[in-house]
Amino acid sequence: MAKSSADDEELRRACEAAIEGTKQKIVLSIRVAKSQGIWGKSGKLGRHMAKPRVLALSTKSKGQRTKAFLRVLKYSNGGVLEPAKLYKLKHLSKVEVIANDPSGCTFTLGFDNLRSQSVAPPQWTMRNVDDRNRLLFCILNICKDVLGRLPKVVGIDVVEMALWAKENTPTVPKQMNQQDGGGPVEATVTESDLKVSVERELVSQAEEEDMEALLGTYVMGIGEAEAFSERLKRELLALEAANVHAILESEPLVEEVLQGLEAATNCVDDMDEWLGIFNVKLRHMREDIESIETRNNKLEMQSVNNVSLIEELDKLLERLRVPSEYAACLTGGSFDEERMLQNIEACEWLTGALRGLQVPNLDPIYANMCAVKEKRTELEKLKTTFVRRASEFLRNYFASLVDFMISDKSYFSQRGQLKRPDHADLRYKCRTYARLLQHLKSLDKNCLGPLRKAYCSSLNLLLRREAREFANELRASTKASRNPTVWLEASTGSSQSAHNADTSSVSEAYAKMLTIFIPLLVDESSFFAHFMCFEVPALVPPGGVVNGNKGGNYNDADDDDDDDLGIMDIDENDGKAGKNSADLAALNESLQDLLNGIQDDFYAVVDWAYKIDPLRCISMHGITERYLSGQKADAAGFVRLLLGDLESRISMQFSRFVDEACHQIERNERNVRQTGVLSYIPRFATLATRMEQYIQGQSRDLVDQAYTKFVSIMFVTLEKIAQTDPKYADVFLLENYAAFQNSLYDLANVVPTLAKFYHQASEAYEQACTRHISMIIFYQFEKLFQFARKIEDLMYTITPEEVSLW
């Protein structure tokens with residue numbers, strides 16, 4: 001017999017190389033042919049297109065547990081084995097030998113975890129029965145040892161398997177635990193061990209004894225299995241023939257049974273006829289009952305629908321009903337302060353009623369009902385009437401409030417008494433109607449435009465009157481000596497002491513004007529934006545400072561103004577998080593109407609301060625810049641514009657002063673003769689010192705620009721005057737540039753702009769000094785220079801020996 005592939009060591013090594021890295025050990029490897037079975041065609045083996053494969057049994061130890069696998073390996077194009085499929089033996093449920101294969105070498109393995117049970121499992125064909133028995137016997141042994149159970153075996157005689165196991169002693173796997181705790185190892189099982197294994201695993205002891213007793217009753221050898229099977233078939237046929245003979249002998253009994261069956265059939269037919277009659281009657285009765293139940297169900301459904309309809313109509317009527325107290329309040333109620341609560345409740349009801357009759361909140365099937373349309377028209381009329389009455393009342397109310405305050409002179413500054421405007425009482429009275437304005441906005445947004453104009457027009461009169469009275473009294477109460485505007489004139493008529501008069505009260509008066517009115521204007525803008533329901537961000541954040549000076553408030557008034565209206569948004573759940581650009585544009589336009597004209601009084605204070613001391617424009621510019629940097633909110637646009645215009649006005653006045661001073665410098669060159677240090681150089685040093693004292697905040701750029709213009713004109717004029725007398729021009733420049741450096745030495749160390757001009761004067765001084773020294777040398781040694789030049793000229797025409805000595 002040919003050598004089995006199970007003993008092929010080269011095949012085993014190829015299988016181990018194919019599964020290298022999986023930590024699995026090959027127990028048995030054998031070559032097989034794979035074919036696909038066909039369900040329902042048992043007469044065919046289904047071994048079409050058989051493919052060569054290798055089946056390998058492998059185990060893997062993990063601690064005390066051992067896992068068993070059946071691997072299917074196929075040959076690649078290069079003839080190298082590679083893994084194709086992997087089955088876990090714990091899922092093996094059936095081993096079936098194909099009965100239609102006469103050789104008995106074909107079998108199938110059934111696994112209970114296959115995804116598709118509708119596909120026939122593959123069929124495996126061995127070279128001979130010995131290879132088949134060897135593989136199956138090894139599978140059964142591993143299942144018994146590793147898994148503790150055996151799969152179902154179909155189509156193979158267990159006795160035949162036992163006999164084959166006794167006659168063959170192949171090398172089969174046997175799990176042995178080493179003393180050092182190692183994994184399973186392979187060992188060659190002897191014939192006695194195999195016999196014990198077969199007897200223990202394939203059949204039990206009791207089954208073996210029964211088989212031996214059965215076989216002992218027949219006089220034949222154990223090897224005559226086919227004869228034994230033929231004998232059993234013959235005895236079965238004989239037994240079946242005896243049973244048929246016994247049946248034929250009992251014919252009278254069968255006749256009696258048939259007669260009894262016929263009588264019973266007649267009774268059943270009679271009973272079936274009676275049951276048919278009863279069934280017809282019951283069917284008619286059932287139809288009558290169903291008809292009654294149908295009518296009853298319709299009546300019940302109609303009753304339920306009528307109840308639901310009545311409930312819905314009651315709800316609709318409740319929504320359409322206008323309470324008499326609300327109707328009276330909306331059409332003819334008073335707007336006095338004590339009646340505002342009833343007005344607000346009526347507004348809330350009207351808003352809710354109108355919203356409730358809109359399609360999103362009302363079932364669309366109700367929207368076209370005549371009653372709903374009529375009620376909506378009635379509510380619209382109520383809304384129009386109420387909005388017209390409330391708007392007229394508020395316009396008159398705003399005008400009366402302002403007229404009352406204007407008529408009372410105690411609200412304004414008077415001679416000898418500066419009074420800060422106090423609008424606390426005005427705002428308190430307006431807050432009473434803030435909630436009403438919000439409801440008016442929700443009812444009709446268009447009504448707010450005329451109300452805003454009326455409020456702005458009335459309050460604008462009050463603010464302009466307050467600013468005018470305050471500015472007039474501020475100028476009258478400020479005592480300051482007027483400094484002359486002539487600083488750099490060539491004439492010496494004005495004494496230097498006149499420029500040293502203290503004019504700080506002028507800057508303080510301007511700062512006081514801003515301290516009082518800029519926060520007031522911002523507060524009024526903020527109050528107006530909230531009071532008139534503009535959807536814009538807050539003008540002043542909580543705890544914010546509107547003037548850039550936390551401690552700069554005027555002490556003659558109460559600073560605890562609260563612009564919070566003390567109300568909540570009606571639609572606070574639907575409030576917009578972002579600002580509305582359209583509302584912001586409308587707010588800035590309204591603020592223009594509210595605050596327009598008040599800038600004239602600020603301009604008057606700036607012009608008055610300029611006339612007293614033009615240099616105070618520097619400090620006023622810094623104060624204005626500080627306030628301007630504090631205005632960050634978008635809604636305070638007019639206040640920023642006002643501060644920007646003030647800053648431009650101050651810059652314009654200061655530029656006017658600078659231009660006049662430059663003209664004073666230029667007038668120096670008109671004199672017939674100028675000697676010594678020009679008068680405007682030391683006076684400029686005094687002017688620069690004074691200007692540095694007035695610098696505040698961001699006014700440094702303004703002063704540096706003035707320095708640049710002054711010094712540029714000074715140097716140009718100096719050069720022009722020096723050219724009128726070329727003989728003494730360098731001496732004249734030396735004296736004036738030296739005087740410029742001496743007078744500005746201290747300031748140049750701290751002011752970068754003046755330091756630049758200081759270095760420029762130093763360079764001009766050195767150049768003038770060099771030219772003057774060169775002129776002196778040339779004047780003293782003129783004849784010597786002429787002699788040397790003649791000598792050099794002769795050296796180009798004659799030889800040195802021909803030169804005669806003079």
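Heads up: the structure comes first, above all this text.
Residues numbered from 1 in each chain as written. Predicted model: local features only at pLDDT ≥ 70, side-chain atom pairs only at ≥ 80, totals over all residues. Heavy atoms only, no water.

1. Thoughts on the overall build of the protein chain
When helices and strands are counted, the protein chain shows 25 helices and 8 strands. The 806 residues of the protein chain split such that 39% are buried. Here the contacts in the protein chain between residues at least 6 apart in sequence split such that 72% fall between residues at least 24 apart. Just so you have it, the protein chain exposes about 46,600 Å², and 53% of that area is on carbon and sulfur atoms. (Helix = DSSP H or I, 4+ residues; strand = E, 2+ residues; numbered from the N terminus. Buried < 20%, exposed > 50% of the residue type's maximum accessible area, 1.4 Å probe, protein only. Contact = heavy atoms within 4.5 Å. Areas by Shrake-Rupley, 256 points an atom, 1.4 Å probe, with all protein chains shown as cover.)

2. Focus: the packing of aromatic side chains
If you walk through the whole model with that rule in mind, you get 21 aromatic pairs. With centroids separated by 6.0 Å and ring planes inclined at 40°, the aromatic side chains of phenylalanine 654 and phenylalanine 657 adopt a geometry described as tilted. Of this pair, phenylalanine 654 and phenylalanine 657 both sit in helix 19 (residues 637-666), 3 residues apart, which is roughly one turn of that helix. Neither residue differs from the other here; phenylalanine 654 and phenylalanine 657 are each classed as buried. On the numbers, 6.2 Å between centres and 80° between planes, the contact of phenylalanine 684 with tyrosine 707 is edge-to-face. Placement of phenylalanine 684 in helix 20 (residues 680-694) and of tyrosine 707 in helix 21 (residues 700-723) is noted, with a sequence separation of 23 residues between them. Neither phenylalanine 684 nor tyrosine 707 differs from the other in exposure class; each is buried. (Phe/Tyr/Trp six-rings, centres within 6.5 Å; stacked < 30°, edge-to-face > 60°.)

3. Section: the side chain of glutamine 653
Along the polypeptide, glutamine 653 turns up in helix 19. The exposure class assigned to glutamine 653 is buried, which follows from its relative accessible area of 5%. Aside from chain neighbours lying at most four places away, what touches glutamine 653 is Asp607, Tyr610 and Cys617.

4. With respect to the pairing of strand 4 (residues 81-88)
Of the pairings in the sheet, the one linking strand 3 (residues 65-75) to strand 4 comprises 7 bridges and is antiparallel in character. Note that in strand 4 the partner of valine 72 across the bridge is lysine 85. Two successive antiparallel strands, strand 3 and strand 4, enclose a turn made up of 5 residues, where glycine 79 displays a positive phi of approximately 80°. (Pairing = 2+ DSSP bridges.)

5. Here's the deal with a positive patch on the surface
A cluster of basic residues, Lys23, Lys60, Lys62, Arg65, Lys67, Lys88 and Lys90, forms a positive patch on the protein surface. Sorting the residues of the positive patch by element identifies strand 2 (51-62) and strand 3 as the ones contributing at least two each. Here arginine 65 is to be found in strand 3. (Patch = residues over 30% accessible without salt bridge, like charges linked within 9 Å, V, L, I, M, F, W, Y side chains within 5 Å. Salt bridge = Lys/Arg side-chain N within 4 Å of Asp/Glu carboxyl O. Lys, Arg positive; Asp, Glu negative; His and termini not counted. Charge placed at Lys NZ, Arg CZ, Asp CG, Glu CD.)

6. Details of a negative patch on the surface
Negative charge collects at one region of the surface, where Asp269, Asp270, Asp272 and Glu273 lie side by side. Looking at the element boundaries, glutamate 273 is found in helix 7 (residues 251-320).

7. Description of the nonpolar core
Formed by 129 residues in total, the largest nonpolar core has its most connected members in Leu436 and Phe710. Those residues within four positions of leucine 436 in sequence are excluded, and the remaining contacts are Phe335, Met340, Ile344, Cys347, Phe386, Ala390 and Leu394. Grouped together as the second largest cluster of nonpolar side chains are 32 residues, Leu89, Trp124, Leu136 and Met161 included. (Core = buried A, V, L, I, M, F, W, Y, C linked by side-chain atoms within 4.5 Å.)

8. Things to note about unusual backbone geometry
At lysine 23, a residue that is not glycine, the phi angle is positive and equals roughly 60°. Tracing the backbone shows lysine 23 in the loop between helix 1 (9-18) and strand 1 (25-36). Note on lysine 23: relative accessible area 72%, which makes it exposed.

9. Considering helix 20
In a regular helix each residue adds 1.5 Å, so 15 residues correspond to 21 Å; helix 20 covers 21 Å between its end C-alpha atoms and thus fits that length. Most of helix 20 is tucked away: 11 of the 15 residues are buried. When helix 20 is considered as a whole, its buried residues turn out to be Tyr680, Ile681, Arg683, Phe684, Ala685, Leu687, Ala688, Arg690, Met691, Glu692 and Tyr694. On its buried face, helix 20 sits against helix 18 (616-629), helix 19, helix 21, helix 22 (729-743), helix 23 (745-748) and helix 24 (752-780). (Expected span 1.5 Å × (residues − 1).)

10. Remarks on the packing of helix 14 (residues 448-477) against helix 17 (residues 599-612)
Where helix 14 meets helix 17, the closest approach of the two axes is 9 Å, and the angle between their N-to-C directions is 15°. Between helix 14 and helix 17, the crossing angle belongs to the class labelled roughly parallel. The hand of the helix 14/helix 17 crossing is right-handed. Across the interface between the two elements, Arg464, Ala467, Arg468, Ala471 and Arg475 from helix 14 touch Asp601, Ala604, Val605 and Trp608 from helix 17. (Axes fitted to C-alpha atoms, helices over the stretch in contact; angles between N-to-C directions. Parallel < 35°, antiparallel > 145°, perpendicular 65-115°, else oblique. Left-handed = near helix turned anticlockwise from the far one by under 90°.)

11. Points about the pattern of salt bridges
Using the criterion set out here, one finds 11 salt bridges in the structure. Between glutamate 96 and lysine 94 there is a salt bridge, with the nearest N and O atoms lying 3.2 Å from each other. In this structure lysine 94 comes out as partly exposed when scored by relative accessible area, which is 32%. In this structure, the salt-bridge partner of glutamate 524 is arginine 427, at a minimum N-O distance of 2.9 Å. In this pair, glutamate 524 sits in helix 15 (residues 504-531) while arginine 427 sits in helix 12 (residues 424-431), placing the two residues 97 residues apart along the sequence. The buried category is assigned to glutamate 524, whose relative accessible area is 0%. Connected through shared salt-bridge partners, Glu692, Arg700 and Asp704 make up one network.

12. Focus on a nonpolar patch on the surface
On the surface, Ile773, Ile777, Phe778, Phe781, Leu784, Phe785 and Phe787 cluster together into a nonpolar patch covering about 670 Å² of accessible area. Relative to the helices and strands, phenylalanine 787 resides in helix 25 (residues 782-794). According to the relative accessible area criterion, phenylalanine 787 is partly exposed, its value standing at 43%.

13. Concerning helix 12
Three or more residues of helix 12 are buried, namely Leu426, Arg427 and Cys430. The arc that holds the buried residues of helix 12, viewed along the axis, is 95°, so those residues lie on one side. (Arc of directions from axis to C-beta.)

14. Section: the sheet that holds strand 4
Pairing is mixed in the open sheet, where 8 strands are placed in the order 4-3-2-1-7-6-5-8. Because the sheet does not close on itself, it has two edges, and the strands there are strand 4 and strand 8 (152-154). Across this sheet, the average inter-strand angle for adjacent strands is 35°, counted without regard to direction. Both strand 5 (residues 92-97) and strand 8 contribute to a ladder of 3 bridges, which runs parallel. Its bridge partner being in strand 8, glutamate 96 is matched across the sheet by valine 154. Along the sheet face, helix 1 touches strand 1, strand 2, strand 3 and strand 4 and points at about 95° away from the line of strand 1. Contacts from helix 2 (residues 129-147) reach strand 1, strand 2, strand 3, strand 5, strand 6 (106-111) and strand 8 within the one sheet, and its direction differs from that of strand 1 by about 125°.

15. Considering the pairing of strand 7 (residues 122-125)
Neither face of strand 7 is exposed, since Pro122 and Trp124 on one face and Gln123 and Thr125 on the opposite face are all buried. Where strand 1 lies against strand 7, 4 bridges are found, and the strand directions are antiparallel. Its bridge partner being in strand 7, alanine 33 is matched across the sheet by threonine 125.

16. Some points on the packing of helix 17 against helix 19
Each pair of packed helices can be described by the angle between their axes along with the distance between the axes. Closest axis-to-axis distance for the helix 17/helix 19 pair is 10 Å, and the angle between their directions is 25°. Between helix 17 and helix 19, the angle falls in the class roughly parallel. Seen along the crossing, helix 17 lies across helix 19 with a hand that is right-handed. Contacts from Gln599, Phe602, Tyr603, Val606, Asp607 and Tyr610 in helix 17 reach Phe638, Leu642, Asp645, Leu646, Arg649, Ile650, Gln653, Arg656, Phe657 and Glu660 in helix 19.

17. Points about the environment of arginine 452
Here arginine 452 is to be found in helix 14. Classification of arginine 452 as buried rests on a relative accessible area of 11%.

18. Thoughts on the environment of leucine 754
Residue position: leucine 754 is located in helix 24. Residues leucine 754 and threonine 708, spaced 46 residues apart in sequence, show a C-alpha to C-alpha distance of 8.4 Å. Not counting residues up to four positions away in its chain, the partners in contact with leucine 754 are Phe684, Ala688, Tyr707, Leu747 and Ala748.

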